[in-house]
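The primary structure of each chain is shown beneath.
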Amino acid sequence: MNQTNPFIYASDDKRYHTWNFHLRSHFGHKVFKVALDGGFDCPNRDGTVAHGGCTFCSAAGSGDFAGNRADSLEKQFLDIKGRMHQKWKDGKYMAYFQAFTNTHAPVDVLRERYETVLRQEDVVGLSIATRPDCLPDDVVEYLAVLNERTYLWVELGLQTVHEETAGLINRAHDFACYKEGVEKLRKHGIRVCSHIINGLPGEDNEMMMETARAVSQLDVQGIKIHLLHLLKGTPMVKQYEKGMLQFLSFDDYVRLVVDQLEILPPEMIVHRITGDGPIDLMIGPMWSVNKWSVLNAIDAELKKRDTWQGKFFNETTMELRS
């Protein structure tokens, strides 16, 4: 058993390497992530690679809590900054291009939009959500330059390693493409965060664990573990109505996330361990809207088991390589 100190990355009595702890350790103070809509499209919607988008993706391109697309990036940033300061007095900011595919444009366009937010006061970093099939060489070269200038993360949506599921959700790229995208970024030392989703149509517990095991072996520095939540107006509603989707229960999700944390590298930064959506659009699971209850239950399960992130990582590595 891996006897790594369970509190090596502890913050607020957590047993996993939290994003908040990482940012405080790296910068020495609170850092807020400001979610923005950069006005981009998605190649899985506009016909570049497919039409319709991923079946779980909302009309806002998974940016339901990002800034208003109708506003300039500067206005979005200032509005969100103002709301954050109603709760917290001090901090710096990480600009997060969240909605749609944020490298799906010529480099000149990317440069203009990224530089706009980097010029804002107290912005210390940049996080860019995109797809692995939207990383042409000239874009990666520009990202490499940014990586030398600022604290940069690129977030890539994997969701699942299972190609059958990828077809069901219309992801429109395969796992080989994903690994190639990671390699292109890591060649320049760019930090990568992998997104996975628990509860996708047709996936059982072992399939979701297989996705986590695969991510644990990738050269990625962070992970976002999402709960699938079904929103009104998404293509997945039709799959739900056909009986192709069953929501995870609260207890099953909590146990699954703890199982996944146990097999991740202890140094991997956990950016997120659940997900929710706008309550007026939510079809289910409705328990997900109480995010703090989910987070607290995961903490409680970790303590109940006396376990922690990375506890079984060595065993996972040996099993995969045998």
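Heads up: the structure comes first, above all this text.
Heads up: these notes are all about the structure in this document. Please read all numbers here as calculations on a predicted model, not as lab measurements. The residue numbering used here restarts from 1 in each chain and proceeds along that chain's sequence as written. Local features are withheld for residues below a pLDDT of 70 in this predicted model, meaning they are given only at 70 or higher, and side-chain atom pairs are given and counted only at 80 or more; totals for whole chains, interfaces and linings count all residues. Computation of side-chain values covers all heavy atoms of the structure but excludes hydrogens and water.

Of all six residues in strand S1 (residues 31-36), five are buried, a share of seventy percent or more. Only when DSSP finds a minimum of two bridges between them are two strands counted as paired. Per the convention used, a helix needs a DSSP run of H or I reaching at least four residues, while a strand needs a run of E reaching at least two, with both numbered from the N terminus. Inspection of the sheet shows S1 paired to strand S2 (residues 92-97) by six bridges, in the parallel sense. Opposite leucine 36, over in S2, you have phenylalanine 97 as the bridge partner. The classification of residues rests on relative accessible area computed with a 1.4 Å probe and restricted to protein chains. Under 20% of the type maximum is buried, over 50% is exposed, and intermediate values are partly exposed.

Any two of the Phe, Tyr and Trp rings considered here, Trp counted by its six-membered ring, make a pair once their centres fall within 6.5 Å; the pair's planes then place it as stacked at under 30 degrees, edge-to-face at over 60, or tilted in between. On inspection of all chains with the given rule, the structure shows nine aromatic pairs. When the centroid spacing of 5.0 Å and the interplanar angle of 25 degrees are considered together, the rings of tyrosine 240 and phenylalanine 247 count as stacked. Aromatic side chains tyrosine 253 and tryptophan 287 sit 5.9 Å apart centroid to centroid with 45 degrees between the ring planes, which places their arrangement in the tilted category. Of this pair, tyrosine 253 sits in helix H9 (residues 250-263) while tryptophan 287 is found in the loop between strand S9 (282-284) and helix H10 (291-305), placing the two residues 34 residues apart along the sequence. Grouping aromatic residues by their ring pairs yields a cluster made of Phe32, Phe77 and Tyr93. To sit over a ring, a charge needs its Lys NZ or Arg CZ within 6 Å of the ring centre and within 35 degrees of the ring normal. Geometry around tyrosine 96 places lysine 33 over its ring, the cationic atom sitting 4.1 Å from the centre. Directly above the aromatic system of tyrosine 142 lies the positively charged group of arginine 111, at a separation of 4.9 Å from the ring centroid.

A word on the environment of isoleucine 279. Position of isoleucine 279 relative to the elements: it lies in the loop between strand S8 (269-272) and S9. Among the residues examined, isoleucine 279 registers a relative accessible area of 58% and is labelled exposed. The residues touching isoleucine 279, leaving out its near neighbours within four places in the chain, are Met286 and Val289. Whether two residues are in contact is decided by their heavy atoms: any pair within 4.5 Å suffices.

A few words on the nonpolar core. What tends to happen in soluble globular proteins is that the nonpolar side chains get buried as a cluster. Definition of nonpolar core: a set of buried residues of the types Ala, Val, Leu, Ile, Met, Phe, Trp, Tyr and Cys, connected through side-chain atoms within 4.5 Å. If you look at the biggest cluster of nonpolar residues, it comprises 65 residues, and the most contacted ones within it are Tyr114, Leu126, Leu143, Leu261, Ile273 and Ile298. Setting aside residues no more than four positions away along its own chain, leucine 261 makes contact with Tyr16, Ile225, Val270, Ile273, Ile298, Leu302, Trp308, Gln309 and Gly310. Within the second largest apolar cluster, eleven residues are counted, among which are Ile169, Leu230, Val237 and Leu245.

Only the contacting stretch of a helix is used when fitting its axis, a line to C-alpha atoms as for every element, and angles between N-to-C directions run 0 to 180 degrees. At a minimum axis distance of 10 Å, the contact between helix H3 (residues 107-118) and helix H4 (residues 137-149) shows a crossing angle of 20 degrees. Between H3 and H4, the angle is such that the two are roughly parallel. Where H3 crosses over H4, the handedness of that crossing is right-handed. Contacts from Val107, Leu110, Arg111, Tyr114, Glu115 and Leu118 in H3 reach Asp138, Val139, Tyr142, Leu143, Leu146 and Arg149 in H4. For this scheme, ten residues count as nonpolar: Ala, Val, Leu, Ile, Met, Phe, Trp, Tyr, Cys and Pro. Four count as charged, namely Asp, Glu, Lys and Arg, and the remainder, Gly too, count as polar. Taken together, the residues of the contact of H3 with H4 break down into eight nonpolar, no polar and four charged. An angle counts as roughly parallel when it lies under 35 degrees, as roughly antiparallel when it exceeds 145, as roughly perpendicular when it falls between 65 and 115, and as oblique in every other case. If you view the pair so one helix is near and one far, a crossing is left-handed when the near helix is turned anticlockwise from the far one by less than a right angle, and right-handed when it is turned clockwise.

This part takes up the sheet that holds strand S5 (residues 191-198). If you trace the seven strands from one edge of the open sheet to the other, you get S1-S2-S3-S4-S5-S6-S8, paired in parallel fashion. Of all strands in the sheet, those with a lone pairing partner are S1 and S8, marking the two edges. In this sheet, adjacent strand axes meet at a mean angle of 25 degrees when their direction is disregarded. Bridge analysis of strand S6 (residues 222-227) against S8 gives three bridges, and the strand direction is parallel. For lysine 224, the partnering residue across the bridge sits in S8 and is arginine 272. Strands strand S3 (123-130), strand S4 (151-159) and S5 of the sheet are contacted by H4, whose axis makes an angle of about 135 degrees with S4. Set on the sheet, H9 makes contact with S5, S6 and S8; between it and S6 the angle comes to about 165 degrees.

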